[in-house]
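# A closer look at the structure
The residues making up each chain are set out below.
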Amino acid sequence: MNFNKIFDATTKLALGITCVFLVGLIIALYAYTGVGEVASALFAPETIFAIELSLFTATVATALSIAISIPTAYALSRSNFRGKTIVDSLLTLPVVLPPVALGAMLLIFFTTPVGSTIESVFIKFTFQIPGIILAQLVVVSAFTIRILKSAFDDMDPEYEQVARTLGYGKFKTFYKVTLPICKNSLVAAAVLAWAKAIGEFGATVTLAGATRMKTETLPIAIFLNLARADVAQVAALILILIGIGLSAIYFFQKVCGSYRIW
């Protein structure tokens, strides 16, 4: 008995079953709706609003996430301090907590005196568009920090040391040497964070609510139409969301190739 052939056949069978299952789900959506239903859903005012809002909030949340995650991940990678493991675990918390729990934590925070002051003096988050951005930011930042920290950890520190001996300061070394070397990681973090933000639902609906034509992102549009039993519209919206997600993943694969995420 050739165990090598059995092993290869088993792994390929598992791959085939997984792919057939996922493709079957997509085909089922298409069979339920059809081209006409998808086109009708795509050009509906509510859908256009949801797409525009999703693209806007996901882009802003991704930009903020990258801006925050770069220095955070670099400090976590290069610094050694007491309690580093605790800090690292704390930053991973949004990965293991359900998004709805993160949204509830944010909602509760804005009922405290500090949170209420922020909303009354600076900007209102609860049940508003900024709340969508904040919810998406909290959810995706943990992923971008992990991706970028992994990139900084894998980078040979000798490149930075050589740059410093040539007269570069810390900032110039980081800007001229570290970031260019880790550019694939930056692209990966941005693309995956954007795709994750587009599909974020739990934290968003908890903090920003589910108000039609106000805080209605694509996932919330799916939820609202499912609540009124409009299954055909739900299927069409899911196909649109799948199209956006697959486009982002395809772009990621083309730009970063076989880049390791974790």
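Reading guide: rules and limits
Residues numbered from 1 in each chain as written. Predicted model: local features only at pLDDT ≥ 70, side-chain atom pairs only at ≥ 80, totals over all residues. Heavy atoms only, no water. Helix = DSSP H or I, 4+ residues; strand = E, 2+ residues; numbered from the N terminus. Buried < 20%, exposed > 50% of the residue type's maximum accessible area, 1.4 Å probe, protein only. Contact = heavy atoms within 4.5 Å. Areas by Shrake-Rupley, 256 points an atom, 1.4 Å probe, with all protein chains shown as cover. Core = buried A, V, L, I, M, F, W, Y, C linked by side-chain atoms within 4.5 Å. Salt bridge = Lys/Arg side-chain N within 4 Å of Asp/Glu carboxyl O. Axes fitted to C-alpha atoms, helices over the stretch in contact; angles between N-to-C directions. Parallel < 35°, antiparallel > 145°, perpendicular 65-115°, else oblique. Left-handed = near helix turned anticlockwise from the far one by under 90°. Nonpolar A, V, L, I, M, F, W, Y, C, P; charged D, E, K, R; others polar. Phe/Tyr/Trp six-rings, centres within 6.5 Å; stacked < 30°, edge-to-face > 60°. Domains from an automatic or database assignment. Buried area = accessible area lost by both parts, 1.4 Å probe. Polar contact = N/O pair within 3.5 Å; in protein donor to acceptor, adjacent residues only side chain to side chain.

## A few points about the overall build of the protein
Scanning the protein from N- to C-terminus turns up 13 helices and zero strands. Ordering the α and β elements of the protein from the N terminus gives α-α-α-α-α-α-α-α-α-α-α-α-α. Its C-alpha atoms give the protein principal-axis dimensions of roughly 70 × 65 × 30 Å. Sorting the 262 residues of the protein into buried and exposed places 38% on the buried side. Here the analysis covers contacts within the protein between residues at least 6 apart in sequence; of these, 74% occur between residues at least 24 apart. By element, 71% of the accessible surface of the protein is carried by carbon and sulfur atoms, the whole surface being about 14,600 Å².

## Concerning the nonpolar core
Judged by nonpolar contacts, the single largest core of 16 residues is most densely connected at I70, L148 and F152. Counting residues per element, this core draws most heavily on helix α7 (residues 129–154), at five residues. For L148, the contacting residues outside a window of four places in its chain are S69, I70, A73, S185, L186 and A189. Judged by nonpolar contacts, the second largest core, of 14 residues, contains A50, I51, L218 and I244.

## Quick word on the environment of L42
Tracing the backbone shows L42 in helix α2 (residues 35–42). Between the alpha carbons of L42 and I240 there is a distance of 7.5 Å; along the sequence they are 198 residues apart. Setting aside residues no more than four positions away along its own chain, L42 makes contact with T47, I48, I51 and I240.

## Quick look at the pattern of salt bridges
A side chain of one charge can pair with a side chain of the opposite charge if their charged atoms are brought near each other. Counting across every chain of the model gives six salt bridges. Where E46 meets R212, a salt bridge forms, and the shortest distance between an N and an O atom there is 2.4 Å. With a gap of 166 residues between them, E46 in helix α3 (residues 45–78) and R212 in the loop between α11 (202–208) and α12 (218–227) connect regions that are remote in the sequence. R212 sits in the partly exposed class, given a relative accessible area of 33%. The salt bridge partner of R212 is E216, with a shortest N-O separation of 3.8 Å. Among the residues examined, E216 registers a relative accessible area of 0% and is labelled buried.

## A closer look at the packing of helix α4 (residues 84–96) against α7
One way to put it is that α4 packs onto α7 with a least axis distance of 7 Å and a crossing angle of 130 degrees. Comparing the axis directions of α4 and α7 gives the class oblique. Here α4 and α7 pass one another in a crossing that is left-handed. Every residue of α7 that contacts α4 at D88, L91, T92, P94 and V95 is listed here: V138, A142, I145, R146 and K149. In terms of residue class, the contact of α4 with α7 is built from six nonpolar, one polar and three charged.

## A closer look at the packing of aromatic side chains
Evaluation of the coordinates by the stated rule reveals seven aromatic pairs. For the pair Y74 and F152, a centre-to-centre distance of 5.3 Å together with 90 degrees between the ring planes defines the contact as edge-to-face. Pair noted here: Y74 is in helix α3 and F152 is in helix α7, with a separation of 78 residues, a long-range link. For Y74, a relative accessible area of 23% gives the class partly exposed. When the ring of F152 is compared with that of F174, the centres are 6.2 Å apart and the planes differ by 50 degrees; the resulting orientation is tilted. One end of the pair, F152, is in helix α7; the other, F174, is in helix α9 (residues 170–181), with 22 residues separating them in the sequence. For the pair F152 and F174, a shared accessibility class is recorded, and that class is buried. Grouping aromatic residues by their ring pairs yields a cluster made of Y74, F152 and F174.

## A word on the domain arrangement of the protein
Segmenting the protein into domains produces domain 1 (1–34) and domain 2 (44–256). A separation of 31 Å is found between the C-alpha centroids of domain 1 and domain 2. Summed over both sides, the interface of domain 1 with domain 2 buries roughly 510 Å², with 91% coming from carbon and sulfur. If you sort the residues of domain 1 by the area they bury against domain 2, L29, Y32 and T33 come out on top, with a joint share of 78%. For the interface between domain 1 and domain 2, the tally reads zero salt bridges. Taken together, the connections running from domain 1 to domain 2 amount to zero residue pairs in polar contact (both at pLDDT 80 or more).

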